[in-house]
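Examining the three-dimensional arrangement
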Amino acid sequence: MNDLEISRTNQVLLLDDDQDLREGLKWMFETADLPVQGYGRFDDFKRDLDSYVHSAARLCLLLDLRMPDISGLEVFQWLLREKYSLERLPVIFLTGHGDISTAVEAVKNGAFDFYEKPTTDARLIERVRQALHKSSEFLDNQDSLKEWMNRIDTLSPREREVMALVAQGRLNKVIAADLDISMRTVEVHRANVFEKLKIRSAAELATLLSKLQERLGYDPLA
């Protein structure tokens, strides 16, 4: 376990309009050393969400499926529209018996799990711990990608140009023609890119750049 992982904290977020249930779950989880921040209104949850997502804390969201102002399913769909990662913020639905089919469908669409109320159950605590572990793995992956970004930042502008074309599968002679440089210069830049990034193939490079773009919106040529 590295120092960063040790420094991370757990944070359970709870969105449920039932104050008694919020207080009961808060007590249950905090006796298990899992801090809970409860919300009875979506607007309050929405106001604070980014501060949690952009923190170093492992997260899990417990989400009531039925609420008077906005349903849990609508909140879930909002999270998807706003492109919140369900790996960063795993969602566990809290549901009544009549809502199980809806909760199952939500799980098929990326929710982590669902639990039928009442939820004062040690199994729920364990499942939340598993969701927090998933959030931690996402953070570890983000840290790894940021390290790749730092390596790319050490490349010269020309090396970055060659890197982008290599990732597209261009042959050295095509890259040379596109950039109006010699084949030998392309070979040197290509070798430098592979060495600095500690990668071994164009396919590996393409996968890396795709992940950086998808996960972090990173453009090495920007």
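One can find the structure itself at the top, above this paragraph.
Each residue is numbered by its place in its chain's sequence as written, counting from 1. Residue-level local features of this predicted model are given only where pLDDT is at least 70; pairs of side-chain atoms are given and counted only at 80 or more, and the full residue set underlies all totals for whole chains, interfaces and linings. Neither water nor hydrogens contribute to the side-chain values; these are computed over all heavy atoms in the structure.

**Here's the deal with helix α8 (residues 172-179)**
Every α-helix carries 3.6 residues per turn, so stepping three or four residues along brings you back to the same face. Burial in α8 covers these residues: N172, I175, A176 and L179. The buried residues of α8 occupy an angular sector of 100° when the element is viewed end-on, so they sit on one face. Turned more than 90 degrees away from the buried face of α8, the exposed residues are K173 and A177. Buried-residue contacts for α8 involve α7 (157-167) and α9 (183-197). Only runs of H or I of at least four residues qualify as helices and only runs of E of at least two qualify as strands under DSSP, and these elements are numbered from the N terminus. D180 sits one or two residues past α8 and shows a positive phi near 55°. For every residue, the accessible area obtained with a 1.4 Å probe (protein chains only) is divided by the maximum for its type, and the residue is called buried under 20%, exposed over 50%, and partly exposed between those limits. Think of the arc as the fan of directions from the helix axis to the C-beta atoms. Throughout, a residue-residue contact means that at least one pair of heavy atoms, one from each residue, lies within 4.5 Å.

**Some details on the pattern of salt bridges**
Salt bridges are defined by distance alone: a side-chain nitrogen of Lys or Arg within 4 Å of a carboxyl oxygen of Asp or Glu. Taken as a whole, this structure holds 13 salt bridges when the rule is applied. For R41, the salt bridge goes to D44, with nearest N and O atoms at 3.2 Å. The class for R41 is partly exposed, based on a relative accessible area of 44%. Of the charged contacts in the structure, one is a salt bridge between D113 and R127, with a shortest N-O distance of 2.7 Å. Of this pair, D113 sits in strand β5 (residues 113-116) while R127 sits in helix α6 (residues 122-152), and the two are 14 residues apart along the sequence. Relative accessible area serves as the criterion here: at 22%, R127 is assigned to the partly exposed category.

**Some thoughts on the side chain of T95**
Relative to the elements of secondary structure, T95 occurs in strand β4 (residues 91-95). Apart from residues lying up to four places away in sequence, T95 is in contact with L65, I100, A103, F114, Y115, E116 and K117.

**Quick look at the nonpolar core**
Of all hydrophobic cores here, the largest spans 26 residues; its most connected members are L15, F45, L49, L61 and L63. The set of elements that each furnish at least two residues to this core consists of β1 (10-15), α3 (42-53), β3 (58-64), α4 (72-81), β4 and α5 (100-108). Residue contacts for L15: discarding those within four places in its chain leaves Y39, G40, R41, F42, F45, L61, L62, L63, D64, M67 and V75. Definition of nonpolar core: a set of buried residues of the types Ala, Val, Leu, Ile, Met, Phe, Trp, Tyr and Cys, connected through side-chain atoms within 4.5 Å. With 23 residues, the next largest nonpolar core counts W148, M149, F194 and L205 among its residues.

Structural measurements only, silent on function.
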